[in-house]
Amino acid sequence: MIRFYFHPTPNPAKVALFLEETGLAYEVVPVDTSKGEQHAAAFRAINPNGKVPAIVDTEGPGGREARVFDSSAILLYLAEKTGRFMGTPADRPELLSWLFFLGTGLGPFSGQAVHFQFAAPEDNDYARNRYRREAERHYRVLDTHLAGRDYIVGDAYSIADMSGWGWLDRASRVLKGEADPLAAYPNIKRWFQAIDARPAAARARAVGTNHEFKRVNDDETKRALFPSNYPELSDWARP
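Definitions and limits used
- Residues numbered from 1 in each chain as written.
- Predicted model: local features only at pLDDT ≥ 70, side-chain atom pairs only at ≥ 80, totals over all residues.
- Heavy atoms only, no water.
- Buried < 20%, exposed > 50% of the residue type's maximum accessible area, 1.4 Å probe, protein only.
- Helix = DSSP H or I, 4+ residues; strand = E, 2+ residues; numbered from the N terminus.
- Arc of directions from axis to C-beta.
- Contact = heavy atoms within 4.5 Å.
- Domains from an automatic or database assignment.
- Buried area = accessible area lost by both parts, 1.4 Å probe.
- Salt bridge = Lys/Arg side-chain N within 4 Å of Asp/Glu carboxyl O.
- Phe/Tyr/Trp six-rings, centres within 6.5 Å; stacked < 30°, edge-to-face > 60°.
- Lys NZ or Arg CZ within 6 Å of the ring centre and 35° of its normal.

Per an unreviewed UniProt entry, the protein is named Glutathione transferase, and its organism is Bordetella petrii.

In structure tokens form, the structure reads like this:
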């Protein structure tokens, strides 16, 4: 059994898609990040970085319980555990390259673009432009790569596609103000629509919908999500 620590945001969505594709038995453990539950000692024992997603596999290597955090690490772990969605051995170098491009480039720059366009004070034009343009650049890199390709790596659906789907599902927020945010990236749009049409994608979107996560963006939420902005909460910002 896998305990899946979840909040309805892009990085947990990647893991939800993998779990739904494979049919692995799992239990959703809601972590309401707007209430600061990611800073609780019990959760920090699973992910010292205080972020979702994280998993605890009660049937890990050698029958021992295993904890895994960071969405890319979780995807790799589960792919190796099941032997699925890893491509061929010859695909391995490219799979790792694109998985980490998505995990350390497209995802974080998209997240910062969302932050500075929706959450930061209005006097941050430099940061807003910086992260929006970098997000767009990462989109262009992926769009160019996907020309003539059905999948990000090789000839089959893989964890790289799942990773990309998680953040590109939020393109309307990353590219704020665009009526059709993927119109300028036709190869991404074609690829995304194909991944999004998979039955497991709809099931992944339904994960956690039976839990009432906090939706109000009040002072408690800001302190929970951005504790490093509040000196009196500095302990939250440190492992």
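**Q** Got a sec to walk through helix H9 (residues 199-206)? Specific residues and values, please.
**A** Counting along an α-helix, one turn takes 3.6 residues, and residues three or four places apart therefore face a common direction. Among the residues of H9, those classed as buried are Ala200, Ala201 and Ala204. For H9, the angular spread of the buried residues around the axis is 105 degrees, confining them to a single face. Summarising the geometry of H9, the exposed residues directed more than 90 degrees from the buried face are Pro199 and Ala202. Tucked into the core, H9 has its buried residues touching helix H1 (10-22), helix H6 (159-168) and helix H8 (186-196). The first or second residue beyond H9 is Gly208, which carries a positive phi of 80 degrees.

**Q** Quick one: what's the story with the domain arrangement of the protein, residue by residue and with numbers?
**A** Examined at the domain level, the protein breaks down into domain 1 (2-84 + 202-229) and domain 2 (89-199). Measuring from the centre of the C-alpha atoms in domain 1 to the corresponding centre in domain 2 gives 20 Å. Carbon and sulfur atoms supply 61% of the area buried between domain 1 and domain 2, which totals about 1,700 Å² over both sides. For the pair domain 1 and domain 2, the interface holds 4 salt bridges.

**Q** Which residues make up the packing of aromatic side chains, and what values do they have?
**A** Overall, the coordinates contain 11 aromatic pairs when judged by the stated rule. With a centroid separation of 5.8 Å and an interplanar angle of 75 degrees, the aromatic rings of Phe18 and Phe85 are classed as edge-to-face. With Phe18 in helix H1 and Phe85 in the loop between helix H3 (71-82) and helix H4 (92-119), the pair connects residues that are 67 residues apart, well separated along the chain. Taken as a pair, Phe18 and Phe85 share a single burial class, namely buried. On the numbers, 6.5 Å between centres and 50 degrees between planes, the contact of Tyr151 with Tyr157 is tilted. Using a relative accessible area of 7% as the deciding quantity, one classes Tyr157 as buried. By way of ring pairs, the aromatic residues Phe4, Phe6, Tyr26 and Phe213 are connected into one cluster. Taking the ring centre of Phe118 as reference, the NZ or CZ of Arg173 above it sits at 4.0 Å.

**Q** Tell me about the pattern of salt bridges, residues and numbers included.
**A** Enumeration over the complete set of coordinates arrives at 16 salt bridges. As a salt-bridge pair, Arg205 and Asp196 come within 2.7 Å of each other at their nearest N and O atoms. Under the relative-accessibility criterion, Arg205 is labelled partly exposed at 38%. Judged by its relative accessible area of 25%, Asp196 is partly exposed. Lys214 is the partner of Glu220 in a salt bridge, and the nearest nitrogen-oxygen pair spans 2.4 Å. When salt bridges that share partners are traced, they join Arg132, Arg133, Glu136 and Glu178 into one network.

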